Amino acid sequence: MMARKMTEEKLQAERLRLKAMREYEDTYDACACLCGVDEAGRGPLAGPVVAGAVILPKDCEILYLNDSKKLSEKRREKLYLEIREKAVAWNVGIVSPMVIDQINILQATYEAMRQAVRGLKVMPELLLNDAVTIPDMDIAQVPIIKGDAKSVSIAAASILAKVTRDHMMTEYDGLFPEYGFAKHKGYGTAAHIAAIREYGPCPIHRTTFIGKFVEQRSGTEESEESGETGPEPEKEWGKKNKRKTGADYERLAAEYLEQKGYQILERNWKHPFGELDLIARKDRVVVYCEIKYRSSEEYGSPLEAVDTRKQTRIGRAAACHFAGYQRGEELSLRFDVIGIDKAGEITHIENAFDYPDT
């Protein structure tokens, strides 16, 4: 009897706590549909920033809903499933480390939030945001300091964002096991910093965050990673034209793919260890294309130029891109090689190789 009474008292206390967390939802009860928005991953040295957007039913009760940082991993995982099951609508937005480096973490956070909201199946009348006002949104917004502890809607969004990002970092741990991403999720722990110093950055590190932990790579290393084969371009056309020549062949390959019905998603998708030449899509297949110029058959076929080491680099980079691209869609990926000779003739090798971790 005593144990039962204590359980009932705890349940009552939990419901009172949740009632206090509905203050903003009750204040804006006149809105037919309001949405909580929060992010995860602004501070880590690696991985994406992820935002969650959640519309809960007005009478929804999700026990133990709270700021994701105050919950155990086991509790977050259970709530993650319950939120998705009970929500009127939910979505996550994901912005890659490369984009974070390009536009800075604040702008990347805003972009992830915009993606999360715009991808909802039901458009809300009001956004309850954790601390920020999101630029370029045509929806009324209420920024709430420490909103993930004061609003059930924002708390739900924080859990979706946190668990989604944690799942991604666990996937990345399988690709880059030397860094321990499954344990620290990309944050700057002593073990993580030590791994960066020992192994250098991997493709999901935010280069603008880790400058003090790594030394600039030498020009010789960068040249080695460029993957060029055959005669040196500067010897054949002059050093001045080397970059122009590479761009010309990439343009030819892109035009060829577009004529075949592909949509070009990215060109020269850059990573700390190199870049992916072309990323295209046709139907539900994302295609990662390596472009190879071959001036003479004596240097072998285009596929022979993509050795195991090169395949590994391409595969790891592609896995990073694919993990953050249109999550939720049923997509597959493929690796192609496009060879172009000095006359501009194109050889397109589909399914040129497999990479086991993708």
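The structure we're discussing is the one just above.
Cut-offs used in this document
Residue indices follow the written sequence of each chain, beginning from 1 at its first position. Since the coordinates come from a predicted model, pLDDT governs what is reported: local features require at least 70, and pairs of side-chain atoms require 80 or more to be given and counted, while whole-chain, interface and lining totals use all residues. Hydrogens and waters are ignored; side-chain quantities use all the structure's heavy atoms. Secondary structure is summarised from DSSP: a helix means a run of H or I of at least four residues, a strand means a run of E of at least two, and numbering begins at the N terminus for each. For the exposure calls, accessible area comes from a 1.4 Å probe over protein chains only, and a residue counts as buried if that area is under 20% of its type's maximum, exposed if over 50%, partly exposed in between. Contact criterion: two residues are considered in contact whenever any of their non-hydrogen atoms come within 4.5 Å of each other. In the sections that follow, a salt bridge refers to a side-chain nitrogen of Lys or Arg positioned within 4 Å of a carboxyl oxygen of Asp or Glu. Here, any two strands with at least 2 DSSP bridges between them count as paired. By nonpolar core we mean a set of buried residues, namely Ala, Val, Leu, Ile, Met, Phe, Trp, Tyr and Cys, connected to one another through side-chain atoms within 4.5 Å.

Peer 1: Help me out: how do you make sense of the side chain of Arg 334 in this one?
Peer 2: Its location among the elements puts Arg 334 in strand S9 (residues 332-341). For Arg 334, a relative accessible area of 13% puts it in the buried group. Residue contacts for Arg 334: discarding those within four places in its chain leaves Tyr 262, Val 285, Val 286, Val 287, Tyr 288, His 348, Glu 350 and Asn 351.

Peer 1: Even after reading the chapter, I still don't get the pattern of salt bridges, so can you show me in this structure?
Peer 2: If charged atoms from side chains of opposite charge come close, those side chains can pair. Per the counting criterion, the structure on display carries 16 salt bridges. A salt bridge links Arg 15 to Glu 61, with the shortest nitrogen-to-oxygen separation between them at 2.9 Å. Linking Arg 15 in helix H1 (residues 2-20) with Glu 61 in the loop between strand S2 (49-55) and helix H3 (73-86), this pair joins segments that are 46 residues apart in sequence. Assessed through its relative accessible area of 35%, Glu 61 is described here as partly exposed. Several salt bridges share partner residues, and in doing so they unite Asp 67, Lys 69 and Asp 148 into one network.

Peer 1: Just to check I follow, could you spell out the pairing of strand S10 (residues 346-349) for this structure?
Peer 2: When a strand is regular, its side chains alternate between the sheet's two faces. Two strands pair when backbone bridges link them, and S9 and S10 are joined in this way by 4 bridges, in the antiparallel orientation. Bridging from a neighbouring strand, Gly 339 pairs with Thr 347 of S10. As consecutive antiparallel partners, S9 and S10 are separated by 4 residues, and within that stretch Gly 344 has a phi angle of approximately 90 degrees, a positive value.

Peer 1: Looking at this model, I keep getting lost on the nonpolar core. Mind explaining?
Peer 2: A general feature of soluble globular proteins is that nonpolar side chains tend to end up buried together. Residues Leu 56, Leu 65, Ile 83, Tyr 172, Phe 176, Phe 181 and Ile 204 are the most contacted members of the largest nonpolar core, which totals 38 residues. Contributing elements (two or more residues each) for this core: S2, H3, strand S3 (89-95), helix H6 (152-175) and helix H12 (308-323). If we ignore the near neighbours within four places in the chain, the residues touching Leu 56 are Ile 62, Leu 65, Ala 87, Val 88, Val 152, Ser 153 and Ala 156. In this structure, Cys 35, Val 49, Ala 53 and Val 132 belong to the second largest nonpolar core, which totals 23 residues.

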